[in-house]
Amino acid sequence: MPQLRDLPSIDRLLNEPGVARFAEQFGPQTVRDILRDSQAVIRSNASNGEIDPSALDTSFYVGVLQSKTQNATYTAIFNLTGTVIHTNLGRALVSQSLWRSIEPIVTRPTNLEYDLVAGRRGQRDAIVANRLIQLTGCEAATIVNNNAAALLLVLNTFALEQEVPVSRGELIEIGGSFRLPELMARAGCTLREVGTTNRTHLKDYEAVAPSAAMMLKVHPSNYHIQGFSAQVEAGELARLAKVHDIPSCVDLGAGTLVDLAKWGLPREPTPQSVLSQGIDLVTFSGDKLLGGVQAGLIVGRRDLIDALNKNPLKRALRADKMTLAALEHTLKLYEHPETLRDNIPLLRTLTLTQEELAIRADALIAGLPSTWQAQLEESSAQIGSGALPDQNIPSMALRITHPALDADSLAKRLRHLSTPVIGRVTQGALYLDLRGADPLDELLENLASLSE
């Protein structure tokens, strides 16, 4: 039997081609640490100094590295889960043309906070803010790093150490177990619950309005209440806020700048439609229905936006140059609504026809190993990530089974491909939703490496 002294040295292993490619991809120190840890386990398990012969073979260490580096770096994946805007899988996609267009801005010095006309320091949000003003008709706008930050900034600016009434039916919990009451506490304001879970009336707000610092309405974008229910509309809250001379704000969550119904998708309120009801401020996300990158967008009254920009928290929550560059390019696309579907990957994915999905299915079925039994089924896809929770869209999915492997094993095989493929396991089978099968050629090439 081989002895501990026969274990290959770490330096020798790093020079083996199979190991060297991991060092190039994940970093030599990361790979060195994994190899050392694996040999430490071998030493601790050695009996009388004897070890398993496999511990001498480079392929053993390659297998360890394959297992241990799965979560060692960010990597591209195929999202075939049926949730299009998936929080865990990067939310909305940006197009390659967008990325190419902003490359000079993020790889070279830029006028991020420089006024080229005046020749002095400028305002970093100004360019994106101006586009939001044009698209929504608001007086002013500002940008932070996500929508939770947008709401935090609003609450801290206008309701610090004061009460803010919120309907019990709008006390949302967002991904990662972050809850609105906890965010409000961190913002330094006091939550005043009004109404009930399913029914809230204007009189509930009127009863607490004299002591309120502002009126807040939260669009329940990640759940839906139906049946015996009632809610106060944005316009009603706006009028009540004006009577008491306090700001009003609607947190839209997902937020879209266009009427999605024009593409046959479920309707969602737009910031401009909310502002038209008299609301002072609207917050929404940049990487959900807008189809851009992670950001929190705030639009509304100029004096209120000015106050937000003066809050010291604004600097802590501000967006970086890559975010602002990508947002500016995305918003520019909205000035050409007739070409939006072609230029916003999210809209293109959401509006694929059943016929287009069926063509993808035929190609995938032909590309799978013969033992992977695939059956095409009509299904439904979620838009996802807090967008239109009560509305699904028609889709097509492959139901995958195998005579010797269960659904979890099939899903694991796909996750371990060079470009991981993520499906969903339900009803004892693996389902691959075809809306995420793009680029199709790359997906087919990737699946070709699957074994029977």
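Going by the structure above, here's the rest.
Values in this document were obtained by computation on a predicted structure and should not be read as measured data.

Spatially, the five strands line up as an open sheet ordered 4-12-11-10-9, and their pairing is mixed. What marks the edges here is a single partner per strand, and that holds for strand 4 (140-144) and strand 9 (215-218). If you compare each strand with its neighbour and ignore which way they point, the axes differ by 15 degrees on average. The sheet contact formed by strand 9 and strand 10 (residues 248-253) spans four bridges and is parallel. Residue pairing for strand 10: Leu216 is matched across the bridge by Cys249.

The final tally for this structure, using the stated rule, is two aromatic pairs. In this structure, Lys262 packs its charged tip against the face of Trp263, placed 5.1 Å from the ring centre.

A few words on the nonpolar core. Among soluble globular proteins, nonpolar side chains are generally buried collectively. If you look at the biggest cluster of nonpolar residues, it comprises 41 residues, and the most contacted ones within it are Leu132, Ile143, Val282, Phe284, Leu297 and Val299. For this core, the leading source of residues is helix 14 (residues 321-333), giving four residues. Excluding residues within four positions of it along the chain, Ile143 makes contact with Asp125, Val128, Ala129, Leu132, Ala295, Gly296, Leu297, Lys314, Arg318, Ala319, Leu324 and Leu327.

What follows is about empty space enclosed by the protein. Leftover empty space is mapped by rolling, across the atoms, a probe with the size of a water molecule. Counted under the stated rule, the structure contains one cavity of 30 Å³ or more. In this structure, the largest cavity encloses a volume near 30 Å³. In this structure, the largest cavity is lined by Leu93, Val94, Ser95, Leu98, Gly291, Thr330, Leu333, Asn343, Ile344 and Pro345. Residues of the lining of the largest cavity, tallied by class, amount to six nonpolar, four polar and no charged.

Next up on the list: the pairing of strand 10. Here strand 10 lies mainly inside the structure; six of its six residues are buried. Burial along strand 10 is two-sided: Ser248, Val250 and Leu252 facing one way and Cys249, Asp251 and Gly253 facing the other are all buried. Across four bridges, strand 10 lies against strand 11 (residues 281-285) in parallel orientation. For Cys249, the partnering residue across the bridge sits in strand 11 and is Leu281.

What follows concerns the environment of Val154. Along the chain, Val154 falls in helix 7 (residues 147-158). When the C-alpha atoms of Val154 and Asn311 are compared, they prove to be 9.5 Å apart, with 157 residues separating the residues in sequence.

The next subject is a nonpolar patch on the surface. On the surface, Val94, Trp99 and Met322 cluster together to form a nonpolar patch covering roughly 280 Å² of accessible area. Turning to its location among the elements, Val94 is positioned in the loop between strand 1 (78-79) and helix 5 (96-107).

Across all of its chains, the model carries 16 salt bridges by this definition. In this structure, the salt-bridge partner of Lys314 is Asp125, at a minimum N-O distance of 2.7 Å. Of this pair, Lys314 sits in helix 13 (residues 313-317) while Asp125 sits in the loop between strand 3 (120-121) and helix 6 (126-136); the two residues are 189 residues apart in sequence, bridging distant segments of the chain. Accessibility expressed as a relative area gives 6% for Lys314, which makes it buried. Among the ionic pairs, Arg267 bridges to Asp259, the shortest N-O distance being 2.6 Å. Through salt bridges that share partners, Glu113, Arg121, Arg124 and Arg318 make up one connected network.

The rules behind these values
Residues numbered from 1 in each chain as written. Predicted model: local features only at pLDDT ≥ 70, side-chain atom pairs only at ≥ 80, totals over all residues. Heavy atoms only, no water. Pairing = 2+ DSSP bridges. Helix = DSSP H or I, 4+ residues; strand = E, 2+ residues; numbered from the N terminus. Axes fitted to C-alpha atoms, helices over the stretch in contact; angles between N-to-C directions. Phe/Tyr/Trp six-rings, centres within 6.5 Å; stacked < 30°, edge-to-face > 60°. Lys NZ or Arg CZ within 6 Å of the ring centre and 35° of its normal. Core = buried A, V, L, I, M, F, W, Y, C linked by side-chain atoms within 4.5 Å. Buried < 20%, exposed > 50% of the residue type's maximum accessible area, 1.4 Å probe, protein only. Contact = heavy atoms within 4.5 Å. 1 Å grid on protein atoms, 1.4 Å probe; cavity = no way out; pocket = protein on both sides within 12 Å on 5 of 7 lines; lining within 4 Å. Points joined across faces, edges and corners; volume = space filled by probe spheres on them. Nonpolar A, V, L, I, M, F, W, Y, C, P; charged D, E, K, R; others polar. Patch = residues over 30% accessible without salt bridge, like charges linked within 9 Å, V, L, I, M, F, W, Y side chains within 5 Å. Areas by Shrake-Rupley, 256 points an atom, 1.4 Å probe, with all protein chains shown as cover. Salt bridge = Lys/Arg side-chain N within 4 Å of Asp/Glu carboxyl O.

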